[in-house]
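Here's the letter readout for the chains.
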Amino acid sequence: MSKAKKISAGEAAALIKDGMTVMIGGFMANGTPEKIVDALVASGAKDLTVICNDAGLPGKGTEKLLQTHQIKKLIASHVGLTPECGRQYSAGELDLELVPQGTLAERIRCGGAGLGGILTPTGIGTIVAEGKRVIEVDGREYLLETPLHADVALLLGHIVDDDGNIRYRGSTRNFNPMMATAADVVIVEAENNVRSGEIGPEYVETPALFVDYIVCGGDE
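In short, a report on the structure. (Residues numbered from 1 in each chain as written. Predicted model: local features only at pLDDT ≥ 70, side-chain atom pairs only at ≥ 80, totals over all residues. Heavy atoms only, no water.)

On to the overall build of the protein, then. Scanning the protein for helices and strands turns up six helices and 12 strands. Its C-alpha atoms give the protein a radius of gyration of 17 Å, within 12% of the compact-globule value 17 Å for 220 residues. By its C-alpha atoms, the protein is 55 × 40 × 25 Å across when sized along the principal axes. Considering the protein as a whole, with its 220 residues, one finds that 46% of them fall into the buried category. Partitioning the contacts of the protein with sequence separation of at least 6, the portion at a separation of at least 24 is 71%. Of the accessible surface of the protein, which amounts to about 10,100 Å², a share of 50% is contributed by carbon and sulfur atoms. (Helix = DSSP H or I, 4+ residues; strand = E, 2+ residues; numbered from the N terminus. Rg over C-alpha atoms; globule rule 2.2 N^0.38 Å. Buried < 20%, exposed > 50% of the residue type's maximum accessible area, 1.4 Å probe, protein only. Contact = heavy atoms within 4.5 Å. Areas by Shrake-Rupley, 256 points an atom, 1.4 Å probe, with all protein chains shown as cover.)

Right, let's get into the sheet that holds strand S7 (residues 134–137). One open sheet holds the three strands; their spatial order is S6-S8-S7, and the pairing between them is antiparallel. Where the open sheet ends on each side, the last strands, each with one partner, are strand S6 (118–120) and S7. Averaged over all pairs of adjacent strands, the angle between strand axes in this sheet comes to 45°, irrespective of strand direction. Examined bridge by bridge, S6 and strand S8 (residues 140–145) share three bridges and lie antiparallel to one another. Residue pairing across strands places Thr120 opposite Leu143, the latter belonging to S8. Where helix H5 (residues 101–113) meets the sheet, it contacts S6 and S8, and its direction lies at approximately 165° from that of S6. (Pairing = 2+ DSSP bridges. Axes fitted to C-alpha atoms, helices over the stretch in contact; angles between N-to-C directions.)

All right, on to the pairing of S8 then. In the sheet, S7 pairs with S8 via four bridges, with the strands oriented antiparallel. Bridge assignment links Val137 to a residue of S8, and that residue is Arg140. A loop of two residues connects S7 with S8, the two strands running antiparallel in sequence, and Asp138 in this loop sits at a positive phi of about 50°.

The next subject is the nonpolar core. Counting residues in each nonpolar core, the largest one holds 29 residues, and the members touching the most others are Ile24, Leu40, Leu74, Cys85 and Leu154. Breaking this core down by element, the ones donating at least two residues are helix H1 (9–14), strand S2 (21–24), helix H2 (34–43), strand S3 (48–51), helix H3 (63–67), strand S4 (71–76) and strand S9 (150–161). Considering each element in turn, this core owes the most residues, four residues, to H2. Those residues within four positions of Leu40 in sequence are excluded, and the remaining contacts are Ala13, Ile16, Ala45, Leu48, Leu65, Gln70 and Leu154. Of all hydrophobic cores here, the second largest spans 26 residues; its members include Ala4, Ile51, Met179 and Ala190. (Core = buried A, V, L, I, M, F, W, Y, C linked by side-chain atoms within 4.5 Å.)

Next up, the structure:
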């Protein structure tokens, strides 16, 4: 297995082309790779489909991509703390797909595991169910929710070794590990970069197998 390649934030952003689907880790920008997001803003890549837990916060996380109108479609579970998201959606400038948080996590997990989807009771009898298949199991109705997959996943790791193994810090873990499995190309921003083997195997939360590129904290 080859090591993940170290690149700058600018080089990472250059891998993202117009029209791509991008997963961005984080929960209200906690666990979001801000340096890579900033480089993506500077790159000007447009018409992106972004999959993330939320729309960030004003000036943080995914919200910065909304401010520059680089997101064409946003798939998320919570956008209420980002006024710009509501403004763009109301103005018809943004395609927004709201997904219950647990369902969002499971759809991403399915995308990484190669599954055809999940069956969930969440959303039955609501507008969430519109246009979706309803399947009955043992007399109970479930929605079939389909997998999510991305061209590129952008992650944040607290400690990343030279191979690409990742350890997260506290709740920054959130969506990052499952997104690492569900994209063609995975880029991690390392808050701290250490030599191979310095993360004990029992502390590796995302194995290097899933990681293609590392952006070190001080790299531009």
